[in-house]
Amino acid sequence: MVAISTRAVMGMGAREIGREDVRRLLAGGAQLVEVLPTEEYEREHIAGAVGIPLARLAHEVDRLPRDRAIVVYCYDSQ
Amino acid sequence: MDWFANGGPREGREASRPCAGETARRDVPTCAATDRRGDVARRVRDAGWPLAVVLDGERVVLGLLDALDGDPAAAVEDVMRAAPTTIRPHVTLEKAAQSLKTRRHDRVLVTTSDGRLIGLLWRADAERRLAQSTAPAQTASR
């Protein structure tokens, strides 16, 4: 799962990271966001992630916290 | 980032389905490629296992040693089965058991996506666990 597919929506500051980075960020209180369709999110997602489909992300970005890191992901790479 | 393939925590409708990683036996014996077969065979048999998984220094699977008999002085790397089949821990038990049955295998190694050993899944364990999870719940007698 990577952040690259949402760069265009999230704009500046997004970068691709690996799972160890994610673990470290989560330990520091980061917010996980899955941008797959709702059905996919409901089927399975990373524990603690919120689901905001990519098509709605630009409209719902205000829901996300501004005081901590945000990790956005889509499909698992395996 | 292959989160699920590395056993990361999951939530959702299907997250509670039993998967290979949680049923795999973590106590499968391991050895190094440079070990001697005789030493490994003695240790493996003492532990009640028929095989050992051959790992490198970072726990990446190199092979499987199931030919315990033979020249005890042989280096494991010369007598092991190289590159055994592996599956990821998030594979459902149902799928894993079906695959083992189709291939007529009784076991498969469970590893992370970068090849690090998690454990060994016996087909019998998978089928037993599935039978338990699909057994009808007992209702209270009236």
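Above this text you will find the structure in question.
Structure report, in brief. Quick caveat, the model's predicted, so the values are computed rather than measured.

Rules used throughout
- Residues numbered from 1 in each chain as written.
- Chains lettered and ligands numbered in written order.
- Predicted model: local features only at pLDDT ≥ 70, side-chain atom pairs only at ≥ 80, totals over all residues.
- Pairing = 2+ DSSP bridges.
- Helix = DSSP H or I, 4+ residues; strand = E, 2+ residues; numbered from the N terminus.
- Buried ≥ 20, exposed ≤ 12 C-beta atoms within 10 Å, placed from the backbone.
- Core = buried A, V, L, I, M, F, W, Y, C linked by C-beta atoms within 7 Å.
- Contact = placed C-beta atoms within 7 Å.

**Observations concerning the sheet that holds strand S4 (residues 70-73) of chain A**
The strands making up a sheet associate through hydrogen bonds between their backbones, and the pairing can be parallel or antiparallel. Residues and elements named next belong to chain A. Taken in spatial order, the three strands make up an open sheet running S3-S1-S4, and their pairing is parallel. On the outer flanks of this sheet lie strand S3 (50-51) and S4, each paired with one strand and no other. Looking at chain direction, strand S1 (residues 31-34) and S3 are connected through two bridges and run parallel. Across the sheet, the residue bridging to Glu34 is Gly51, located in S3.

**A short note on unusual backbone geometry**
Negative phi values dominate among residues other than glycine, just as trans dominates among peptide bonds. All names here are of chain B. Positive phi values are uncommon outside glycine, yet Arg59 reaches one of about 65 degrees. At Arg104, a residue that is not glycine, the phi angle is positive and equals roughly 55 degrees. On the neighbour-count criterion, Arg104 (7 C-beta atoms within 10 Å) is exposed.

**Structural notes on the nonpolar core**
For soluble globular proteins, the rule of thumb is that nonpolar side chains tend to be buried together. One finds Val53, Val54, Leu65 and Ala96 of chain B to be the most contacted residues of the largest nonpolar core, which totals 31 residues. Of all the secondary structure elements, the ones that give two or more residues to this core are helix H2 (37-46), strand S3 (52-55), strand S4 (61-65), helix H4 (93-103), strand S7 (107-111) and strand S8 (117-122) of chain B. Discounting chain neighbours no more than four positions away, the residues touching Leu65 of chain B are Cys31, Val40, Leu51, Ala52, Val54, Val76, Val79 and Met80 of chain B. Counting residues in each nonpolar core, the second largest holds twelve residues, with Val33, Ala49 and Ile52 of chain A together with Phe4 of chain B among its members.

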